[in-house]
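# Notes for the structure review
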Amino acid sequence: MHKRIITAAVTGAVHIPSMSEYLPITPEQIINEVVEANKAGAAVVHVHARNPKTGEPTGDPTLMKKIVDGIRERCDVVIGITTGGAIGMTSEERLAAVPVCRAELASCNSGSVNFCFSPIADKIASPKFQWEIPFVKNTYKVPFANTFQGIEDYIRLMEQYGTKPEFEVYEVGMLNNIAYFVKTGLLKLPVYIQFVLGVLGGLPATFDNLLFLHNTAQKTFGGQYVWSCAAAGKDQFEITTAALLLGGNVRIGLEDNLFIEKGKLAKSNAEQVKKIRDIAELLGLEIATPKEARDILFGK
Ligand code: KMH
Ligand code: ZN
């Protein structure tokens with residue numbers, strides 16, 4: 001059984017500072033979280049940037065470069081940057097960091113989907129920052145647009161800067177979208193796919209849905225793909241454990257879930273990395289190092 005890649009998605013652009021004091025906001029906090037998550041066993045990280053003063057998600061390439069450079073100075077983890085950004089961002093804002101950071105990986109969202117997290121508004125009595133409630137409420141009205149033209153543009157730009165796309169898949173039709181670009185010759189196999197379950201608008205985080213994606217990916221790409229699974233919300237550890245049992249890699253982190261167990265906030269991304277690493281090792285699985293992850297992801 002191949003070694004398993006743990007990816008840590010350390011901050012994201014969904015959760016707001018008022019939900020957890022442990023959500024990293026500033027470049028220094030994000031860099032520290034990455035370094036600690038790597039020490040705990042994460043071979044890959046997925047990073048977003050936030051306004052250091054207010055925690056608002058931003059596509060600012062200077063901030064993202066500061067984060068990426070800071071990580072590179074301190075550890076050898078495989079860095080993946082977001083091109084998903086935040087709901088409401090333009091494609092230009094979402095893509096700005098790709099040429100600047102020239103990261104090994106970047107997310108490439110494989111289709112349009114409603115990415116709704118407006119119910120967060122009902123849980124925050126007194127938000128710390130003005131932007132928070134309007135930001136989450138906006139996701140009730142604005143879709144997460146990733147048209148075929150958009151996906152093509154993202155793939156071409158990443159290719160231009162030596163960045164490998166990590167295809168984010170929220171529902172099963174997106175696998176066919178990726179296959180379309182293989183058919184047109186724009187994409188070469190093997191592709192790298194991140195199933196992201198549990199987003200309100202995409203497939204709920206259930207074992208059946210994971211199996212559905214897994215089986216459909218097998219039929220669509222044969223063995224010509226590497227896959228990982230993330231699950232947003234309370235089912236994060238059950239579904240990532242199921243992904244391990246199915247032979248997959250896993251993504252955890254405060255981008256997807258703020259808790260370490262029911263009702264208890266995770267104090268760090270490293271805490272979540274340690275938990276899924278302990279589960280994997282109890283199952284007799286070995287965790288990939290960054291070097292081994294590069295071999296698996298880039299075939300070096
Ligand atoms: N924050 C979500 C709207 C990605 O990084 O590409 C998009 C996201 C996926 O986080
Ligand atoms: Zn993300």
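For the structure, see preceding data.
This report concerns the structure included in the present document.

What counts as what
- Residues numbered from 1 in each chain as written.
- Chains lettered and ligands numbered in written order.
- Predicted model: local features only at pLDDT ≥ 70, side-chain atom pairs only at ≥ 80, totals over all residues.
- Heavy atoms only, no water.
- Core = buried A, V, L, I, M, F, W, Y, C linked by side-chain atoms within 4.5 Å.
- Buried < 20%, exposed > 50% of the residue type's maximum accessible area, 1.4 Å probe, protein only.
- Helix = DSSP H or I, 4+ residues; strand = E, 2+ residues; numbered from the N terminus.
- Contact = heavy atoms within 4.5 Å.
- Polar contact = N/O pair within 3.5 Å; in protein donor to acceptor, adjacent residues only side chain to side chain.

Judged by nonpolar contacts, the single largest core of 97 residues is most densely connected at Val47, Ile71, Ile81, Ile193, Phe195, Leu210 and Phe221. It is helix α1 (residues 27–40) that contributes the most residues to this core, six residues altogether. Those residues within four positions of Ile193 in sequence are excluded, and the remaining contacts are Phe167, Val169, Leu175, Ile178, Phe221, Tyr225, Val226, Trp227 and Ser228. Counting 10 residues, the second largest nonpolar core, distinct from the first, contains Leu105, Val226, Ala288 and Leu297.

Residue position: Glu281 is located in helix α10 (residues 269–282). Separated by 135 residues in the primary sequence, Glu281 and Asn146 have C-alpha atoms spaced 37 Å apart.

Mapped onto the elements of the fold, Glu255 is located in the loop between β10 (249–252) and β11 (259–261). The class of Glu255 is buried, set by a relative accessible area of 11%. For Glu255, the side chain forms a polar contact with the side chain of His46, separated by 3.3 Å. Residue contacts for Glu255: discarding those within four places in its chain leaves Ala9, Val10, Thr11, Gly12, Val14, His15, His46 and His48.

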